[in-house]
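# Architecture at a glance
Now for the letters of each chain:
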Amino acid sequence: MKKISTVCPYCGCGCGLYVHVEKDIITGVSPVRNHPVNKGSLCVKGWNCFEFVQHPGRLKYPLIKKDGVFKKSSWDEALDWTAENLLKVKEKFGPDSIGMLSSAKCTNEENFLMMKFSRAVVGTNNIDHCARLCHSSTVGGLAKAFGSGAMTNSIDEIDSSRVLFVIGSNTTEQHPMIGMHMLDAVDRGATLIVADPRKTQIAEFAKIHLRHRCGTDVALLNGMMNVIINEGLVDLDFVRRRTENFDDFEKIVMRYPLDIAEKITGVPAVDIRRVARIYATEKRSMLFYSMGITQHITGVDNVRSCANLVMLTAHIGLPMTGLNPLRGQNNVQGACDMGALPDVYSGYQKVTDKKARKKFESAWGAKLPSVPGRTLTEMFDAAGGEIRAMYIMGENPVISDPDASHVTEAIKKLDFLVVQDIFMSDTAELASVVLPAVTFAEKDGTFTNTERRVQKLKKAIRPVCGAMPDWRIISELSKRMGYEMEYGATHEIMEEAALLTPSYGGILHHRLNNFGLQWPCPGIDHSGTTFMHRKAFTKGMGSFIPIDFVPPAEPVDGDYPFILTTGRISFHYHTGTMCRRTSTLEREEPDCFVEINPADAESLGIKTHDRLSVSSRRGEIVVNASVTDRTPEGIVFIPFHFREAAVNLITNPALDPTAKIPEYKVCAVNIAPVVPKPDEEGKFFSRRENR
Ligand SMILES: Nc1nc2c(c(=O)[nH]1)N[C@H]1C(S)=C(S)[C@@H](COP(=O)(O)OP(=O)(O)OC[C@H]3O[C@@H](n4cnc5c(=O)[nH]c(N)nc54)[C@H](O)[C@@H]3O)O[C@H]1N2
Ligand SMILES: Nc1nc2c(c(=O)[nH]1)N[C@H]1C(S)=C(S)[C@@H](COP(=O)(O)OP(=O)(O)OC[C@H]3O[C@@H](n4cnc5c(=O)[nH]c(N)nc54)[C@H](O)[C@@H]3O)O[C@H]1N2
Ligand code: SF4
Ligand SMILES: [Mo]
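Residues numbered from 1 in each chain as written. Chains lettered and ligands numbered in written order. Predicted model: local features only at pLDDT ≥ 70, side-chain atom pairs only at ≥ 80, totals over all residues. Heavy atoms only, no water.

### Details of the pairing of strand 2 (residues 16-22)
Among the seven residues that make up strand 2, five are buried, leaving the element largely enclosed by the rest of the structure. In the sheet, strand 1 (residues 2-7) pairs with strand 2 via six bridges, with the strands oriented antiparallel. Across the sheet, residue serine 5 finds its bridge partner in strand 2, namely tyrosine 18. Strand direction decides the pairing type here: strand 2 and strand 3 (residues 25-31), joined by six bridges, are antiparallel. If you follow glutamate 22 over to strand 3, its bridge partner there is isoleucine 25. Taking the residues that link successive antiparallel strands as the turn, the strand 2-strand 3 hairpin has two residues, and the phi of lysine 23 there is positive, at about 50°. (Buried < 20%, exposed > 50% of the residue type's maximum accessible area, 1.4 Å probe, protein only. Helix = DSSP H or I, 4+ residues; strand = E, 2+ residues; numbered from the N terminus. Pairing = 2+ DSSP bridges.)

Below is the structure:
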């Protein structure tokens, strides 16, 4: 048996694991013992991350849709046809009529090529990916505050911290191996504070759990900062030396005394004061956040409020401190770093910056567009109008985008859609051509985890079928569109990326053997960066930004009296293409459910397992009730993993004005019991145990 060391393909923790291979078949995996993130452990998804690789449902050959039906085709035919159609659209409607979605499931090398393909081959900046739905508010918000939008510190620093302030992150379920470090720290006496409307698993370990109303984070954080300023807990020396714009910021914070903060958030003033004092007075305080902060129309405001808090208390620029956005997908950090975004090249170099553009133009020998492109959400809005064709690699927007029926309608209006995936996803079903790609276990390259650690994955088995690695598909397509891309192996792509990307300057495959390197890593003699902003912020002075509270876009009313918040559960992953083809994970949680508080359930006459209709202004889904005090009164929670009860049919597509991230975390819904009807097999519905 061979054991090949690689990286887990699920979440942004980036755990190291061995893939066990016998006769070119994967028989199991095991954790890397001395890996700095997972230290010999894995979560349930990690332990089971190989079953989908060898699933019989993998896409085995390209498919071309003719007269509404998919026909099996050869690679040559499919690539020629794709190139021909993309060129046709480009000729007729111009390069900006084509939109590209890159993938946080794919490698850095593949994302680099996708952005090169978009800019140098098609000639458009219309490239984006799921970071738009996830941490675009972090990237934009922290660029303004610090000049760089990544986790400032490292995962293994958590163990020695004294205070962990976790806001809007269900860490033990969604970043389990980071959650493990947090619980280790608690065992060593650290104080854990969780701010989350729901009583998550990590909240049960917290010394203080702030259960504020959904969408009131700015008021909560301003309330805390009001206490910190009024009680003289500000680090004035740091504020003077390292930051700007304090006075304007202070004026706004003074408008949030504790009684106002309590009124908006529903959190008792004494708790806000206690948390403010603990966080500010302990030196080794780390702040963590995730989607509870970013997925709002005020996502950027929420992120900037967090940045204000860490600067006010000088909890940044040292080990065991920092502002730590937990990035979600295995390589969402890398997809952003590699410039799969409409306004920047790799390393966040702006497309509007003439010098940067010249550099890429001369490296690539092509004229590049200078106006930022459309975001993911804007591409679908323009589909059938100014966007005529799309190329989607490793994303499933039909299930993951808000107001999903709008997305399906938009896609149907396209002249041409290319989908490149490992399975026939709901989005692939709508494609004109489907290109089969290989999984993490069948290719080489690198992933960048949430703590900026660039790690090598290694090909463990030969492709299980006629599929090709994404980077090869992109180069083949490029060639057929008249632009030669000659790469013999993925390390050659990284060499090109390193030359053009200052923060990745020293990141070359041969240097990554010992658990990778953390960027910024500007040169080949640099050993990487464990924590950032040590002496100065990336942009020089850190900027305080005054932020006022703005309520969520859709208030509850008589017709839609409940707040719906959506998210994830530990056993499943996103749109389910991989985890729902994994027997252990599917067995644990086979059905969609809505968490509803016992008081609300009683007033509606609902019991666990009852079938409920949950409807919003956009649509309706039917799910099982799970009566639990995990969710507070007036709020219900539904995960978005289940295509048969796709919660995005009812979510609100309202966007943050600058980051364009949708408000997945708040919309207004109504709930009503439904009389069960049997399905085609005469069964009613499968039951799930109360969680
Ligand atoms: N098992 C599993 N792990 C995953 C994923 C997965 O699908 N499954 N996906 C990965 C990805 S891409 C991402 S982005 C991460 C996401 O990781 P998380 O952000 O941790 O996950 P979510 O469930 O989206 O939401 C986090 C929490 O926000 C809370 N919340 C809701 N509204 C508010 C609010 O207004 N304010 C605050 N402060 N909190 C609120 C919810 O109650 C929830 O507990 O997980 C990654 N890891
Ligand atoms: N209601 C609600 N909706 C949400 C969220 C929420 O909290 N609530 N969260 C949002 C967030 S944070 C995110 S990140 C998005 C995620 O949204 P998506 O990125 O659309 O979801 P995934 O299911 O991760 O899609 C990844 C696709 O890539 C395919 N794939 C896997 N590996 C490879 C590979 O190597 N090559 C190729 N070509 N394909 C591959 C998978 O089969 C799958 O179809 O969802 C967003 N949607
Ligand atoms: S914590 Fe994330 S990266 Fe680690 S094993 Fe679990 S899913 Fe994989
Ligand atoms: Mo995400």
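### As for the sheet that holds strand 12 (residues 285-289)
Strand order in the open sheet formed by five strands is 10-9-8-12-13, with parallel pairing between adjacent strands. Strands with a single pairing partner mark the edges of an open sheet, and in this sheet they are strand 10 (208-210) and strand 13 (323-325). With direction set aside, neighbouring strand axes in the sheet form an average angle of 15°. Relative to strand 13, strand 12 runs parallel, the two sharing three bridges. (Axes fitted to C-alpha atoms, helices over the stretch in contact; angles between N-to-C directions.)

### Observations regarding helix 19 (residues 404-412)
Within helix 19, burial applies to Ala404, Val407, Thr408, Ala410 and Ile411. Projection of helix 19 onto a plane perpendicular to its axis shows the buried side chains occupying an angular sector of 160°, all on one side. Of the surrounding secondary structure, the elements contacted by the buried residues of helix 19 are helix 17 (376-382), helix 18 (397-400) and strand 15 (416-421). (Arc of directions from axis to C-beta. Contact = heavy atoms within 4.5 Å.)

### Section: the sheet that holds strand 15
Read across the open sheet, the seven strands follow the order 5-4-16-15-14-6-7; overall the sheet is mixed. In the strand order of this sheet, the two ends are held by strand 5 (69-72) and strand 7 (127-128), each with one partner. For strand 6 (residues 98-101) and strand 14 (residues 389-393), the ladder comprises four bridges, and the chain directions are parallel. Following the sheet pairing, glycine 99 is matched in strand 14 by methionine 390.

### Thoughts on the packing of aromatic side chains
In this structure the tally under the stated criterion is 14 aromatic pairs. For the pair tryptophan 81 and phenylalanine 416, a centre-to-centre distance of 5.5 Å together with 70° between the ring planes defines the contact as edge-to-face. In this pair, tryptophan 81 is assigned in helix 2 (residues 75-93) and phenylalanine 416 in strand 15, connecting sequence segments 335 residues apart. Ring pairs connect the aromatic residues Tyr10, Phe52, Phe440 and Tyr573, which therefore count as one cluster. We note lysine 3 situated over the ring of tyrosine 18; from NZ or CZ to the ring centre the distance is 4.9 Å. For the cation-ring pair, lysine 72 lies above tyrosine 61, with the distance from its terminal atom to the ring centre recorded as 4.5 Å. (Phe/Tyr/Trp six-rings, centres within 6.5 Å; stacked < 30°, edge-to-face > 60°. Lys NZ or Arg CZ within 6 Å of the ring centre and 35° of its normal.)

### A look at the domain arrangement of the protein chain
On domain assignment, one finds that the protein chain holds domain 1 (2-54), domain 2 (63-130 + 331-453 + 466-518), domain 3 (136-325) and domain 4 (562-680). Distance from the C-alpha centre of domain 2 to the C-alpha centre of domain 4: 31 Å. Domain 2 puts 17 residues into the contact, and the matching count from domain 4 is 17 residues. In this assembly, domain 2 packs against domain 4 so that about 1500 Å² is buried in total across both faces, 63% of it on carbon and sulfur atoms. The tally of links from domain 2 across to domain 4 stands at two salt bridges. For the salt bridge of arginine 643 with aspartate 426, the shortest nitrogen-to-oxygen distance reads 2.9 Å. Those elements that place two or more of their residues in the side of domain 2 that touches domain 4 are helix 17, helix 18 and helix 19. (Domains from an automatic or database assignment. Buried area = accessible area lost by both parts, 1.4 Å probe. Salt bridge = Lys/Arg side-chain N within 4 Å of Asp/Glu carboxyl O.)

### A word on the site of ligand 3
Ligand 3 sits among Cys8, Tyr10, Cys11, Cys13, Gly14, Cys15, Leu42, Cys43, Lys45, Gly46, Pro176 and Met177. For the shell around ligand 3, the secondary-structure elements that each account for two or more residues are helix 1 (44-47) and helix 6 (176-187). Along the lines of polarity and charge, the residues of the shell around ligand 3 split into nine nonpolar, two polar and one charged. (Near = heavy atom within 4 Å. Nonpolar A, V, L, I, M, F, W, Y, C, P; charged D, E, K, R; others polar.)

### Details of the site of ligand 1
Around ligand 1 there are 35 residues in total, and Gln174, Asp196, Gly215, Arg568 and His572 lie nearest to it. The contact in question runs from a nitrogen atom of ligand 1 to an N or O atom on the backbone of glutamate 173, over 3.5 Å. Separating an oxygen atom of ligand 1 from a backbone N or O atom of glycine 215 is a distance of 2.7 Å. In the complex, the protein chains occlude 100% of the 900 Å² of accessible area that ligand 1 would expose alone. Of all the secondary structure elements, the ones that give two or more residues to the shell around ligand 1 are helix 5 (171-174), helix 13 (291-294) and strand 21 (562-567). Here the shell around ligand 1 is built from residues that sort into nine nonpolar, 19 polar and seven charged. Composition of the shell around ligand 1 by domain shows at least three residues from each of domain 3 (136-325) and domain 4 (562-680). (Polar contact = N/O pair within 3.5 Å; in protein donor to acceptor, adjacent residues only side chain to side chain. Areas by Shrake-Rupley, 256 points an atom, 1.4 Å probe, with all protein chains shown as cover.)

### As for the packing of helix 3 (residues 108-122) against helix 20 (residues 470-480)
Their axes nearest at 9 Å, the elements helix 3 and helix 20 cross at an angle of 15°. In terms of orientation, helix 3 lies roughly parallel with respect to helix 20. As helix 3 packs across helix 20, the resulting crossing turns out to be left-handed. Side by side, helix 3 and helix 20 meet where Glu110, Leu113, Met114, Phe117 and Val121 of the first sit next to Asp470, Trp471, Ile474, Ser475, Leu477 and Ser478 of the second. (Parallel < 35°, antiparallel > 145°, perpendicular 65-115°, else oblique. Left-handed = near helix turned anticlockwise from the far one by under 90°.)

### Comments concerning the packing of helix 2 against helix 20
Relative to each other, helix 2 and helix 20 sit at 60°, their axes nearing to 9 Å. Taken together, the axes of helix 2 and helix 20 are oblique relative to one another. Relative to helix 20, the crossing made by helix 2 is right-handed. On helix 20, the residues that touch Trp75, Asp76, Leu79, Asp80, Thr82, Ala83 and Leu87 of helix 2 are Ile473, Glu476, Leu477 and Arg480. Broken down by class, the residue content of the contact of helix 2 with helix 20 amounts to six nonpolar, one polar and four charged.

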